[in-house]
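# Overview (structure and organization)
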Amino acid sequence: MKALVALILLVQLPIHKAVPAAPPAPLGCDDPESEAAAEAAVNYINGHSHHGYKFALNRIEDIRVVPQGPNNDIIFLELDLLETKCPILSPTHLANCTVRSFAEHAVEGDCDVKLQRVDGTLSVLASKCHSHADSSEDILKVCPDCPLLASLNNTEVLETVSAALNDYNSKTTDSYLRLLEIGRAKIQYHPGHAVVAEFAVGATNCSAEEAKANVGACQLLPEDQSNFGFCTAVMVKRPSQDLQVDCQLYGHQVPAPDVPLLSRVFWPTGQDTSAGLAPSAVGFTNHNLRLAHNNPVASESSSSEIFRSMLSAKSVTKRAVAEAAQHDKVPRPVGFVPPPPPCPGKIRHFDI
């Protein structure tokens, strides 16, 4: 009898259904985790770029985290970058590189990056970037007299670089310098006529004196002795004529284990660099960021599936934003202040 009563009581007890855990709140673009992922992404992009200048983070446009298992996530980032004054070969840490001002005819980079985070450790699986200079119209609205970027193969630019390099080599007692590439150039027409050019150089196995006898025999130093640098030249043509050249050599640098330094030299060994331009730069005012790069040591396939999944993540994020906007139309109590949207994040420098 007692057993029967106990059974009846057990049947009458309320049954509590398991409530599924709420999905985690979406990661905001300015959250510390997002900023850590963006820092890893920007370092990777700069570390694998072959031309131009280092880029700094301006804003995290979007982020999406896709769990893969315990302590294993795939992170998709959409980043807005800005060109700095540090050449890509400069050993200066990015934190100490100055972002070019808007009036200097800024260059913006747009990047999609896919990362993997395992036990808190971030690794980049793939990056896809492009960059472009701000429109001339935007610059002239703010600064009507500011010189604009000129094509890297502009005749006056090539003339200035050639004269500057010849002038420097004629006065130095150190290694003869060869041109690697022209980084950027501007031409001013008012009130005077002047050309400003920036270009990367490399030390050769000849002294400047030896180069006078046979410049064709002068080759860039091998990787274990390499010494790269950067020069700025200003050629004034009117009202007077003047040429100023300033070159800085960085000294030998030990390359990162996964990025041999000479892979960043812009032409194959032995190819003539006298023109100072990679074929892809002819007719352009700035060097484009590497269009696509897959990490060869990544655990995931480096096929086009990586970028297809990036686009898929973007579409899912856009749907989520649209649904959130619809949900936000629900009447709120008087005085209610909605939380800031998780993305896009704050602008660190300026918007172009």
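In the nomenclature of an unreviewed UniProt entry, the chain corresponds to FETUA protein from the organism Cnemophilus loriae. Within the UniProt record for the chain, the comment given under Subcellular location (unreviewed entry) is "Secreted".

### What about the packing of aromatic side chains?
Summed over the entire model, instances satisfying the criterion amount to 2 aromatic pairs. Ring plane angle 75° and centroid distance 5.8 Å describe the contact between Tyr-53 and Phe-230, whose orientation is recorded as edge-to-face. Of this pair, Tyr-53 sits in strand 1 (residues 53–69) while Phe-230 is found in strand 8 (residues 228–238), placing the two residues 177 residues apart along the sequence. With respect to burial, Tyr-53 and Phe-230 carry one shared label: buried. Measuring from ring centre to ring centre gives 6.2 Å for Phe-102 and Phe-350, while their planes differ by 90°; the resulting arrangement is edge-to-face. With Phe-102 in the loop between strand 2 (72–87) and strand 3 (107–118) and Phe-350 in the segment after helix 6 (305–327), this residue pair connects regions lying 248 residues apart in the sequence. For the cation-ring pair, Arg-100 lies above Tyr-53, with the distance from its terminal atom to the ring centre recorded as 4.7 Å.

### Quick word on the sheet that holds strand 9 (residues 242–249)
Here we have 5 strands laid out as an open sheet, ordered 5-6-7-8-9, and antiparallel in their pairing. Every other strand in the sheet has two partners, leaving strand 5 (148–149) and strand 9 as the edge strands with one partner each. Bridge count for strand 6 (residues 175–188) against strand 7 (residues 193–207) is 11 bridges, and the pairing is antiparallel. Opposite Arg-184, over in strand 7, you have Glu-198 as the bridge partner. Sheet strands touched by helix 4 (residues 155–171): strand 6, strand 7, strand 8 and strand 9. Its angle to strand 6, the strand with the most contacts, is close to 145°.

### Looking at the pattern of salt bridges
Enumeration over the complete set of coordinates arrives at 13 salt bridges. A salt bridge links Arg-117 to Glu-33, with the nearest nitrogen and oxygen atoms 2.9 Å apart. Taken together, the positions of Arg-117 in strand 3 and Glu-33 in helix 2 (residues 32–47) put the pair 84 residues apart, joining distant regions of the chain. As a salt-bridge pair, Glu-35 and Arg-348 come within 3.1 Å of each other at their nearest N and O atoms.

Definitions and cut-offs
- Residues numbered from 1 in each chain as written.
- Predicted model: local features only at pLDDT ≥ 70, side-chain atom pairs only at ≥ 80, totals over all residues.
- Heavy atoms only, no water.
- UniProt positions renumbered as here; feature names shortened; annotations may be inferred.
- Phe/Tyr/Trp six-rings, centres within 6.5 Å; stacked < 30°, edge-to-face > 60°.
- Helix = DSSP H or I, 4+ residues; strand = E, 2+ residues; numbered from the N terminus.
- Buried < 20%, exposed > 50% of the residue type's maximum accessible area, 1.4 Å probe, protein only.
- Lys NZ or Arg CZ within 6 Å of the ring centre and 35° of its normal.
- Pairing = 2+ DSSP bridges.
- Contact = heavy atoms within 4.5 Å.
- Axes fitted to C-alpha atoms, helices over the stretch in contact; angles between N-to-C directions.
- Salt bridge = Lys/Arg side-chain N within 4 Å of Asp/Glu carboxyl O.

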